[in-house]
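Letter by letter, the chains look like this.
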Protein chains: 2
Amino acid sequence: MTLDARTTYQRLVEKLEDKSRLAGVLGILHWDQEVMMPPGGAEARAKQMASLSGVLHEKATDPQLGALLDQLLQEKPGPFTPVEQCNIREAKRDYDLDTRVPKTLVQEMTEFASRGQQIWIQARKENRFADFAPILKKLLDLKKQWAACVYPDLAPYDANIDVFERGVTMAQITPIFDRLKSELIPLIRALRDQNPHPASSLLEGEFPVSRQEELARQISRDMGFSFDQGRMDVSVHPFCGGGHPTDVRITTRYRPDDFIESLYAVIHETGHALYEQGRPPDGRDLPASETLSMGIHESQSLFWERMIAQSRPFCAHYLPLFQATFNGNLKNATADDLYRAVNLCQPSLIRVEADEVTYPLHIILRYELEKGLFDGSIEVEDLPELWNRKMDAYLGIRPPDDARGVLQDIHWSGGSFGYFPSYTLGAMYACQFYQAMVRDLPDVETQIATGELAPIKAWLNEKIHSQGKLFSPQELVTQVTGQPLNPDIFLQYIKEKYSALYHLQRGAGHHG
Amino acid sequence: MTLDARTTYQRLVEKLEDKSRLAGVLGILHWDQEVMMPPGGAEARAKQMASLSGVLHEKATDPQLGALLDQLLQEKPGPFTPVEQCNIREAKRDYDLDTRVPKTLVQEMTEFASRGQQIWIQARKENRFADFAPILKKLLDLKKQWAACVYPDLAPYDANIDVFERGVTMAQITPIFDRLKSELIPLIRALRDQNPHPASSLLEGEFPVSRQEELARQISRDMGFSFDQGRMDVSVHPFCGGGHPTDVRITTRYRPDDFIESLYAVIHETGHALYEQGRPPDGRDLPASETLSMGIHESQSLFWERMIAQSRPFCAHYLPLFQATFNGNLKNATADDLYRAVNLCQPSLIRVEADEVTYPLHIILRYELEKGLFDGSIEVEDLPELWNRKMDAYLGIRPPDDARGVLQDIHWSGGSFGYFPSYTLGAMYACQFYQAMVRDLPDVETQIATGELAPIKAWLNEKIHSQGKLFSPQELVTQVTGQPLNPDIFLQYIKEKYSALYHLQRGAGHHG
């Protein structure tokens, strides 16, 4: 007896909701582990998470789920709304990803990813790439095998990219990244040679942690973060996590001698959090309501961190609050001083500390290495030297050791290849979204200067957050901005902003 | 092909560990809900917990688990150690409890318990017992049906008691409680009529919450709580929870005008926590390592709260710390003043606020009502009047309304009948354990007076915590104290202590 389409769909919904709820539980466990768990609980927690992951894997590969999907995919789309079609499509994608991989390969990936992270921590500490090389080779090999299972028609590196930024391939990325390189490398050189550099000494001082926290909460609230459906805490590395759009948890860390680092981390994580809190209100335990991709997620954090919080109107509005919060400090600073101080361009060794001009080159370097590792043109052994040579060529600095070079990122140690491009795709999306927003809301920069941020959140909610997974990243960008991803928008923004900040070409930029 | 006994046992272990780990996850979710979760997350959290409970129920009733148990129970005990035998026995008990009940009854119990709590909250708020009566009848009926399924040979109330204090029946409890009644009622009357009452005004004042917290952590640490394997936080009602013996989480609440309430709640919860942290170090995800029963658990919290922290040597040691922590307050108090102030006997309406002398009568009242409800001699409609009459007879006070009478406890609203006796069994166990400890460690009261609490924890660890579920509560008490539960020990302790405190019978008590 076959069920009618509606009943079949309802059964699918129940299974997907169950899966989503258990994934939410895993999210809370992860947050707890980073923020609350006493150190002695680590071993038991790892086992608890493994048990729950096992349950989730069983649910994800349940043959009954596959049968329901097969039946629904035979239906003409007639009876289903676009959201329902999206749920079916996404569930099928997830099911295929989960079932096309043999269990032994899944186990090997889990095992070596976990072992890889242990080995990487030690190798980075001791600055010994040779210790890390064998496991990196193994992880690469596993991810090539994995790609052959899940997307046999794609190049293996494209298959890995697709997990993080679906539909995006090397064929699209390479020309974009080449264009960024050709423009950014000379720009960075020109900025470096410019004298005098803008001063950041006004940001030095002592900033009591309790006041930093108060300020962070205030600005997060101004951005529209709902503390009724979220929390803010402290962890070693800032992140945005939680278990549900009604329970979104961001973290930061505080340094008493620097309030900018922590505050901008909060703004960044609040950008991620607003995306989660802004997900469609219906069917929140179903895939159509989920956030779209890594790149789009990053576009939301960078939108707020860079396009908004590093803008002159934002600096103008918040400078008095900074001054009031940290009495003595920043007393004689002007809005322009602050704007310049939070927009320094300075080539540096570490990706996560990079500014918006140099950041893309850190990513392009990694992209080129990953691409070579997957197509066989680069050997693992050659990575340290290639890394250092590229750092020199792109940013004019050479890492003094591998800990500050090829060993700096966690990604490869867990087998996450193809993740890095999302960061720079996100930065470019953010810029393109911002340009579109200014077209839609011509007064928005005046509003920022008066602290009115609600229209920005409302625009992002409507244009991006509430769209869930209905469209691909490419479709969404086109729909929101009127054109596909266009690196010229990002390049023009960077060039105009930094030419003006650094007085590069008088007349080309415009002063605030 | 049948597996050999060792392989079969190993399969059982894997299934039990998996179950235990998921139960630990549920523990963390519960803690998070009470301590961390933003209010807006409540609905999603309820669904997440329901999904996880569903998984746990599937694992608990897995026919493969039943088959493994059947096979192992056919083995002669020969190949198994006592701990392994205990794991098999306990797993069988749990499996029977979970599988003997038809699924429809399980669903009804879950549904009505949840609805019952909603209705009870409202009924208590509006002081309307009549609104609560129908659901209470339904819950009683379900629990009678449940008892007929799981323990058809037991009286239904005995079956319900067994869940909380295994092996204990009305036949044992009734004579013990009658004896307590016959001694405590006249004692309480005599204490009430005594003049002057000891003063508690020295405990009044203002006590900054941050200092209370510091003090609470200090004393919890002195007792031996490991903050490396646990946490202390704030919640509406104090509790001890967490996810594992290596991740034990206690909570309290602070009132700025009273530090004793919060501090003694911390001591109470630390007593529970030490039991969890003291569980056998091996096989911690298996039933043999679990805490034994509600009554024994309560004996551990009350041991610290009453036998230790309400003792004169404890007051003598900690008074200077209290004085130093809260500057002005307690300045002129002596150790005797403090000892008297934390040991007032005062009949009151609310069980959770009762002192150690009147508390048993709150329990006996509930026990007698539950017993009558189960054997049919009491009707739900008659509960409020019976409650009030018994309060008058036992404690000499009559509740002015049902909110402060029959509606005060949460237990019945969730269908937890047979739970109440554990509290007073626990108090009597605690007293009997204490007497045994003093025999084993003759210097212990001198050590308490110098703040040396480690020998106490070590004694409890060895005698009780490390025994897990190897013995029944009755066996454990006999093994540790040399005799079965004997209410005379408790009565003698109470009579001697309070006669002295209240100068009842000069010569009978002894002054500190």
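In what follows, the structure referred to is the one given above.
Residues numbered from 1 in each chain as written. Chains lettered and ligands numbered in written order. Predicted model: local features only at pLDDT ≥ 70, side-chain atom pairs only at ≥ 80, totals over all residues. Heavy atoms only, no water.

Help me understand the sheet that holds strand E3 (residues 247–252) of chain A, please; the structure alone is not making it clear to me.
Backbone-to-backbone hydrogen bonds join strands into a sheet, with any given pair of strands oriented parallel or antiparallel. Residue and element names in this part refer to chain A. In space, the 3 strands of this open sheet follow the order E1-E3-E2, with mixed pairing throughout. This sheet does not close on itself; its edge strands, each paired only once, are strand E1 (230–234) and strand E2 (240–244). Ignoring strand direction, the axes of neighbouring strands in this sheet form an average angle of 20°. Of the strand pairs in this sheet, E1 and E3 are connected by 5 bridges, and their pairing is parallel. Looking across to E3, one finds that aspartate 233 is bridged to threonine 251. Contacts between helix H10 (residues 259–277) and the sheet are confined to E1, E2 and E3, with E3 contributing the most and set at about 165° to the helix. (Pairing = 2+ DSSP bridges. Helix = DSSP H or I, 4+ residues; strand = E, 2+ residues; numbered from the N terminus. Axes fitted to C-alpha atoms, helices over the stretch in contact; angles between N-to-C directions. Contact = heavy atoms within 4.5 Å.)

Whenever I open this one, the packing of helix H6 (residues 129–150) of chain A against helix H7 (residues 156–164) of chain A confuses me. Can you help?
When two helices pack together, their arrangement is given by the angle between the helix axes and the distance between those axes. Residue and element names in this part refer to chain A. Packing of H6 against H7 brings their axes to within 9 Å, and their N-to-C directions diverge by 85°. Classified by the interaxial angle, the pair formed by H6 and H7 is roughly perpendicular. Residues Lys143, Lys144, Trp146 and Ala147 of H6 lie in contact with H7, whose contacting residues are Pro156, Ala159, Asn160 and Val163. (Parallel < 35°, antiparallel > 145°, perpendicular 65-115°, else oblique.)

What should I look at first to understand unusual backbone geometry in this one?
For residues besides glycine, phi is generally negative; the peptide bonds are generally trans as well. Its identity is not glycine, yet asparagine 127 of chain A carries a phi of approximately 55°, on the positive side. When you line up the elements, asparagine 127 of chain A lands in the loop between helix H5 (103–126) and H6. We classify asparagine 127 of chain A as partly exposed; its relative accessible area is 33%. Backbone geometry places histidine 503 of chain B, a non-glycine residue, at a positive phi of 50°. Its location among the elements puts histidine 503 of chain B in the segment after helix H20 (487–501). (Buried < 20%, exposed > 50% of the residue type's maximum accessible area, 1.4 Å probe, protein only.)

I tried to follow the packing of aromatic side chains on my own but got confused; where do I start?
Each aromatic ring pair is summarised here by two numbers: the centre-to-centre distance and the angle between the ring planes. Under the definition given, this model contains 46 aromatic pairs over all chains. Plain terms: the ring middles of phenylalanine 314 of chain B and tyrosine 318 of chain B are 4.6 Å apart, the flat faces sit at 40° to each other, and that makes the pair tilted. Here phenylalanine 314 of chain B pairs with tyrosine 318 of chain B, and both are found in helix H12 (residues 312–325), just 4 residues apart, close to one helical turn. Neither phenylalanine 314 of chain B nor tyrosine 318 of chain B differs from the other in exposure class; each is buried. Pairwise contacts between aromatic rings join Phe164, Tyr359, Trp387, Trp412, Tyr419, Phe420 and Tyr423 of chain A into one cluster. (Phe/Tyr/Trp six-rings, centres within 6.5 Å; stacked < 30°, edge-to-face > 60°.)

I tried to follow helix H9 (residues 209–223) of chain B on my own but got confused; where do I start?
Two residues of an α-helix separated by three or four positions point the same way, owing to the 3.6 residues in each turn. All names here are of chain B. Taking 1.5 Å per residue as the helical rise, H9 with its 15 residues ought to reach 21 Å, and the 21 Å between its terminal C-alpha atoms agrees with that figure. What H9 keeps buried is the set Gln212, Leu215, Ala216, Ile219, Ser220 and Met223. Along the long axis of H9, the arc covered by the buried residues comes to 130°, so they all point the same way. Exposed and oriented more than 90 degrees from the buried face of H9 are Ser210 and Glu214. Structurally, H9 contributes buried residues whose contacts are with strand E1 (230–234), strand E3 (247–252), helix H10 (260–277), helix H11 (294–308), H12 and helix H18 (454–463). Of the residues flanking the end of H9, it is glycine 224, one or two places downstream, whose phi is positive at about 115°. (Expected span 1.5 Å × (residues − 1). Arc of directions from axis to C-beta.)

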